[in-house]
Amino acid sequence: MSPLLSAFCLALLGIVASTSACQFPDTPLSSNITDGFSIYVQNASIPVIHNRVLNFRPNGLDMHLVLRPAGEPTNDTLYLQNGRVIYNTLHAVIDLEYDPDNSTTKIFMTDRTYHPVGIFQPVYGCNPETDALQIELEVATRLTDPPVNGGKVGIRRVVDTYEFRYSPPDNSLLTPEWLSVTLVLFRNG
Ligand SMILES: *[C@@H]1O[C@H](CO)[C@@H](O)[C@H](O)[C@H]1NC(C)=O
Ligand SMILES: *[C@@H]1O[C@H](CO)[C@@H](O)[C@H](O)[C@H]1NC(C)=O
Ligand SMILES: *[C@@H]1O[C@H](CO)[C@@H](O)[C@H](O)[C@H]1NC(C)=O
Ligand SMILES: *[C@@H]1O[C@H](CO)[C@@H](O)[C@H](O)[C@H]1NC(C)=O
């Protein structure tokens, strides 16, 4: 290919890349999602966790959050009610196993009402590989007293499993062991 032609192709690619970002619907997403869903995580720069599915690992009456193949599938049984992630009588909370070294806290599902609840906001995004429209869950608030707005979800490796944790916003203590992810909704496997 001539240099001129390859420059033209690169320019064309640039146009395609800059215009291929998927289009978001005009209607904003509600903090209620009544159609049951499952969740997977994305971070294309961390292949070991990229595109892996959130599974439940029963712990007494609670469900701990781990990456497949650990745990059991959630089978599209999750839904969102006023920003709360719900499964049966359980809801997602951000509490316990606080690690002062990096100021991160466990996320899990429980029916106990005294743990600080995680409130999530659904937002539109584009799949980094297929550019398909997707719905992501961002941390809106951790309902401590006073509440903390923002923050993010990450994965931590514990021996042979990967568990879900929360970091508050502007956390300067995070190390490369913190694997920051986007939570993405999916259905039907
Ligand atoms: C979400 O659903 C609850 C009832 O489950 C309702 O009280 C609330 O108004 C709904 N919120 C929105 C934004 O639709
Ligand atoms: C998902 O379905 C499997 C197979 O029916 C079942 O064993 C498992 O308990 C289900 N998980 C949840 C979270 O309902
Ligand atoms: C937080 O620090 C502890 C102790 O240094 C470490 O074991 C753990 O992996 C760290 N967690 C994250 C999410 O960075
Ligand atoms: C993916 O991981 C990289 C490297 O750890 C981090 O800089 C980036 O913010 C993460 N992306 C998302 C969407 O969490």
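Residues numbered from 1 in each chain as written. Chains lettered and ligands numbered in written order. Predicted model: local features only at pLDDT ≥ 70, side-chain atom pairs only at ≥ 80, totals over all residues. Heavy atoms only, no water.

### Focus: the site of ligand 4
Here's step 1: By nearness alone, every residue bordering ligand 4 is listed as Asn43, Ser45, Ile46, Ser180, Val181 and Thr182.
Here's step 2: Contact between ligand 4 and Ser45: an oxygen atom at 3.3 Å from a side-chain N or O atom of the residue.
Here's step 3: Ser180 has a polar side-chain atom sitting 3.1 Å from an oxygen atom of ligand 4.
Here's step 4: Relative to its unbound accessible surface of 360 Å², ligand 4 loses 45% to contact with the protein.
Here's step 5: Its residues assigned to classes, the shell around ligand 4 comprises 2 nonpolar, 4 polar and no charged. (Near = heavy atom within 4 Å. Polar contact = N/O pair within 3.5 Å; in protein donor to acceptor, adjacent residues only side chain to side chain. Areas by Shrake-Rupley, 256 points an atom, 1.4 Å probe, with all protein chains shown as cover. Nonpolar A, V, L, I, M, F, W, Y, C, P; charged D, E, K, R; others polar.)

### Notes on the site of ligand 1
Here's step 1: Neighbouring residues of ligand 1: Ser30, Ser31, Asn32, Gln81 and Asn82.
Here's step 2: Gln81 has a polar side-chain atom sitting 3.2 Å from an oxygen atom of ligand 1.
Here's step 3: Considering only residue class, the shell around ligand 1 consists of no nonpolar, 5 polar and no charged.

### Observations concerning the state of the cysteines
Linking two cysteines covalently through their sulfur atoms gives a disulfide.
Here's step 1: Scanning the entire structure with this criterion turns up 1 disulfide.
Here's step 2: For Cys22, the disulfide goes to Cys126, at an S-S distance of 2.2 Å. Residues Cys22 and Cys126 share a disulfide whose torsion about the S-S bond is about -95°; that sign makes it left-handed. Here the residue Cys22 occupies a position in the loop between helix H1 (3-19) and strand S1 (33-42), and Cys126 occupies one in strand S8 (residues 118-126), the gap between them amounting to 104 residues.
Here's step 3: A relative accessible area of 14% means that Cys22 is categorised as buried. (Disulfide = S-S within 2.5 Å. Helix = DSSP H or I, 4+ residues; strand = E, 2+ residues; numbered from the N terminus. Buried < 20%, exposed > 50% of the residue type's maximum accessible area, 1.4 Å probe, protein only.)

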